[in-house]
Amino acid sequence: MKKFFHFIALSLVLSASACTPTETRRSAGEAIDDVGITARVKAALIEDDRTNGLDIDVETFRGRVQLNGFVSKATDIGVAAEIAEGIAGVVDVTTNLSLEQGRTVGVAVDDTLLLARVDAAFARDPELSALDIDIDANNRRIRLSGFVDQAVQKSKAGRVASEVAGVESVDNGLEVRRR
């Protein structure tokens, strides 16, 4: 019976430590808070007539919001940041938005294929396959966004994306998670 209680005590300690946040990992409560912030920012962007919120990807880590993607108007960039900053719980806003360049149908198809190739290259790489990296493409330009645990992951993702045939440039907007 004594061994059973030691086992239960050890299980409780391990379970509690698994819920404890680390420098690069969120607690369950922080993750839930971030999901709520992401949803409120996305809803506000869609609701506001000054932006096309459907074109803007939102990522959140410990209240730090990233706005990612390509927008059709230069004013969308500042307005999107302003909207995000006004949401409760937002600690900081990073704007990784670029102005969309006019594309022909052929270039749009090329961009879709490039996106798939970069995604496949990440999936083949054991260090990158488990990471949650957002990939956008516009006029053969690739934009990487999201959060990673280490600077080497950020640089490797940029290098792997740039080596994909057809990619003209890579904008590496990945952020290294920090407290």
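Residues numbered from 1 in each chain as written. Predicted model: local features only at pLDDT ≥ 70, side-chain atom pairs only at ≥ 80, totals over all residues. Heavy atoms only, no water.

### Focus on the overall build of the protein
Then comes step 1: Check the secondary structure of the protein and you find 5 helices and 6 strands.
Then comes step 2: Going residue by residue from the N terminus, the α and β elements of the protein occur as α-α-β-β-α-β-α-β-β-α-β.
Then comes step 3: In the protein, which comprises 179 residues, the share counted as buried stands at 40%.
Then comes step 4: Relative to all contacts within the protein whose residues are 6 or more apart in sequence, the contacts with residues 24 or more apart total 68%.
Then comes step 5: Element-wise, carbon and sulfur atoms account for 57% of the exposed surface of the protein, whose accessible area totals about 9900 Å². (Helix = DSSP H or I, 4+ residues; strand = E, 2+ residues; numbered from the N terminus. Buried < 20%, exposed > 50% of the residue type's maximum accessible area, 1.4 Å probe, protein only. Contact = heavy atoms within 4.5 Å. Areas by Shrake-Rupley, 256 points an atom, 1.4 Å probe, with all protein chains shown as cover.)

### Regarding the sheet that holds strand 3 (residues 92-99)
Then comes step 1: Sheet architecture is open: 3 strands sit in the order 1-2-3, paired in mixed fashion. Strand pairing shows two members of the sheet lacking a second neighbour, strand 1 (57-61) and strand 3, which therefore form its edges. Put simply, the sheet's adjacent strands are angled 15 degrees from each other on average, direction ignored.
Then comes step 2: Sheet topology places strand 2 (residues 64-71) next to strand 3; 8 bridges connect them, and they run parallel. (Pairing = 2+ DSSP bridges. Axes fitted to C-alpha atoms, helices over the stretch in contact; angles between N-to-C directions.)

### Overview of the nonpolar core
Then comes step 1: Of all hydrophobic cores here, the largest spans 18 residues; its most connected members are Val118, Phe122, Ile133, Ile135, Ile142, Leu144 and Ala157.
Then comes step 2: Those elements that place two or more of their residues in this core are helix 4 (105-124), strand 4 (133-138), strand 5 (141-148) and helix 5 (151-162).
Then comes step 3: A total of 4 residues in this core trace back to one element, the largest contributor, which is helix 4.
Then comes step 4: Setting aside anything within four residues of it in sequence, one finds Leu144 in contact with Phe122, Ile133, Asp134, Ile135, Ala157, Gly158, Ala161, Val170, Asp171, Asn172, Gly173 and Leu174.
Then comes step 5: Core analysis: the second largest hydrophobic core is formed by 17 residues, Val58, Ala81, Ala84 and Leu97 among them. (Core = buried A, V, L, I, M, F, W, Y, C linked by side-chain atoms within 4.5 Å.)

### What to know about the confidence of the model for the protein
Then comes step 1: On average, residues of the protein score 82 in pLDDT, and 84% of them are at 70 or above.
Then comes step 2: Across the protein, the element-wise mean pLDDT spans from 43 in helix 1 (residues 2-18) up to 94 in helix 5.
Then comes step 3: Here residues 2-23 is a poorly scored stretch, pLDDT under 50, and it has 11 contacts once near neighbours within four places are set aside; other chains count. (pLDDT = per-residue confidence, 0-100.)

### Some words on the pairing of strand 2
Then comes step 1: The buried fraction of strand 2 is high, at 8 of 8 residues.
Then comes step 2: Both faces of strand 2 are covered, namely the face carrying Arg64, Gln66, Asn68 and Phe70 and the face carrying Val65, Leu67, Gly69 and Val71.
Then comes step 3: Of the strand pairs in this sheet, strand 1 and strand 2 are connected by 5 bridges, and their pairing is antiparallel. What sits directly across from Glu59, in strand 2, is Gln66.
Then comes step 4: Between strand 1 and strand 2, which pair antiparallel and follow one another directly, the connecting turn spans 2 residues, one of which, Arg62, has a positive phi of 50 degrees.
Then comes step 5: Crossover strand 2 to strand 3 through helix 3 (residues 74-85) is right-handed. (Right-handed = clockwise from strand over helix to strand, strands pointing away.)

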